[in-house]
Amino acid sequence: MRLDYVTIFPGYFGPLSLSLIGKAIESGRLTVVVHDLRDWAHDVHRSVDDTPFGGGAGMVMKPEPWGEALDALIQPSPARRALIIPSPSGEVFSHRCAVELAGYDQLIFACGRYEGIDARVADYASTIIEVRELSLGDYVLNGGEVAALAMTEAIVRLMPGIIGNPDSLAEESHSATLDNLLEYPVYTKPAAWRGREVPEVLLSGHHAKIAAWRRDQAEALTRARRPDLL
Ligand code: SAM
């Protein structure tokens, strides 16, 4: 998969060279290219924002640099690809979105700042590429970079060969294998720690009982914390 990020803060993406994503880049499974939006701004200040039509506080990202960036990055190709625009007013990004996007060949993240990107950019882009406006949740960040990083991590870990033991993806919170429930509590050694014992059933070696206990715990946790998922 190829991932492109367009941003006015390329430094945000340095951490992509770490951990599992860094290894995926090293192994050639993933190509990451970070672009500075200001490279497509041509005035002396390389400005990418201007005052909003209609008045109001804040600045809006100008369409011209975005248009040039997209024209440069979106070449005709049979590859399955999408333009992701992180936005608090987008569809909420979920595990289901991550599963779907993990099957794409190229994702381009358009990271907004200020009051966001001139709305004509998404409209124009949708004539040449699939556009997904995605929100990380019901709150407002300063820019799209952190949202793009979070989405990247959720998507890339689902690609084949990224996680060492693929079984660890099976029974996770929100996974289909766990019927979209939250994951049950997990424990490791020692069996007793600061007066707290690991549930006895997990030490029993009885696989069917352990599976039943985990299922009960997953259901109880989901009922308590996220009844909307049931
Ligand atoms: N004026 C916009 C609004 O009220 O919807 C908020 C703009 S925000 C300060 C600047 C940028 O941060 C957005 O263009 C988007 O790229 C990003 N952003 C902020 N909150 C986000 C969220 N919850 N999910 C994804 N991206 C977000």
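Just so it is clear, the structure is predicted and the values come from calculations on it, not from any experiment.

(A) Region of interest: the nonpolar core. Membership of the largest hydrophobic core comes to 30 residues, with the highest contact counts inside it found for Leu-107, Phe-109 and Ile-155. Of all elements in the fold, only strand E1 (2-7), helix H1 (19-26), strand E5 (81-92), helix H3 (95-101), strand E6 (106-110) and helix H5 (144-156) reach the threshold of two or more residues within this core. Examining the composition of this core, we find that five residues originate from one element, H5, more than from any other. Dropping the residues within four chain positions of it, Ile-155 is found in contact with Met-1, Phe-93, Ala-98, Leu-101, Ala-102, Leu-107 and Phe-109. Listed in part, the 21 residues of the second largest apolar core include Val-6, Ala-41, Ile-85 and Val-121.

(B) Structural view of the site of the ligand. The environment of the ligand is formed by 19 residues, the closest being Pro-86, Glu-115, Leu-136, Tyr-139 and Leu-141. Within the backbone of Gly-112, a nitrogen or oxygen atom sits 3.4 Å from an oxygen atom of the ligand. In isolation the ligand exposes 590 Å². Once the protein is present, 82% of that is buried. Sorting the residues of the shell around the ligand by element identifies E5, strand E7 (130-135) and H5 as the ones contributing at least two each. At three residues, E5 tops the list of elements feeding residues into the shell around the ligand. In terms of residue class, the shell around the ligand is made up of nine nonpolar, eight polar and two charged.

(C) Up close: the pattern of salt bridges. A full pass over the atoms with the stated rule returns 10 salt bridges. The shortest N-O distance in the salt bridge between Arg-46 and Asp-39 comes to 2.9 Å. A single salt-bridge network, built from bridges that share partners, covers Glu-100, Glu-130 and Arg-132.

(D) Main features of a nonpolar patch on the surface. On the surface, a nonpolar cluster with roughly 440 Å² of combined accessible area is contributed by Phe-9, Tyr-12, Tyr-139, Leu-141 and Val-146. For Leu-141, the position within the fold is in the loop between E7 and H5. A residue is classified by how much of its surface remains accessible, and Leu-141, at 35% relative accessible area, is partly exposed.

(E) Here's a closer look at unusual backbone geometry. Note that the residue after Lys-189, namely Pro-190, is joined by a cis bond; omega there is 5 degrees. At Ser-19, a position not held by glycine, the phi torsion is positive, near 55 degrees. By secondary structure assignment, the location of Ser-19 is in helix H1. With a phi close to 50 degrees, Arg-194 is a non-glycine residue in the positive phi region. Looking at the secondary structure, you find Arg-194 in the loop between strand E8 (192-193) and strand E9 (196-197).

What counts, and at which threshold
The numbering scheme is per chain: residues are counted from 1 as the chain's sequence reads. In view of the model being predicted, local features appear only for residues whose pLDDT reaches at least 70, and side-chain atom pairs are presented and counted only at 80 or more, with totals across whole chains, interfaces and linings using the full set of residues. Excluding hydrogens and water, the side-chain values take into account all heavy atoms of the structure. For this analysis, a nonpolar core means a set of buried residues of the types Ala, Val, Leu, Ile, Met, Phe, Trp, Tyr and Cys, connected via side-chain atoms within 4.5 Å. Under the scheme applied here, a residue whose accessible area is under 20% of the maximum for its type counts as buried, over 50% as exposed, and between as partly exposed, the area being computed with a 1.4 Å probe on protein chains only. Every helix listed is a DSSP run of H or I at least four residues long, and every strand listed is a run of E at least two residues long, numbered separately from the N terminus. The contact criterion used throughout is that any non-hydrogen atoms of two residues lie within 4.5 Å. Throughout this document, a residue counts as near a molecule or strand when at least one of its heavy atoms sits within 4 Å of that molecule or strand. N or O atoms within 3.5 Å of each other form a polar contact, as long as, within protein, one can give a hydrogen and the other can take it, and as long as residues adjacent in sequence are counted only when both atoms are side-chain atoms. Each accessible area is a Shrake-Rupley estimate made with a 1.4 Å probe; only the visible protein chains count as cover when residues are assessed. Just so you know the grouping, Ala, Val, Leu, Ile, Met, Phe, Trp, Tyr, Cys and Pro go in nonpolar, Asp, Glu, Lys and Arg go in charged, and all remaining residues, Gly too, go in polar. The salt bridge criterion pairs a side-chain nitrogen of Lys or Arg with a carboxyl oxygen of Asp or Glu, the two atoms within 4 Å. Patch construction takes residues with relative accessible area above 30% that form no salt bridge. Like charges are linked within 9 Å, and nonpolar side chains (Val, Leu, Ile, Met, Phe, Trp, Tyr) are linked within 5 Å.

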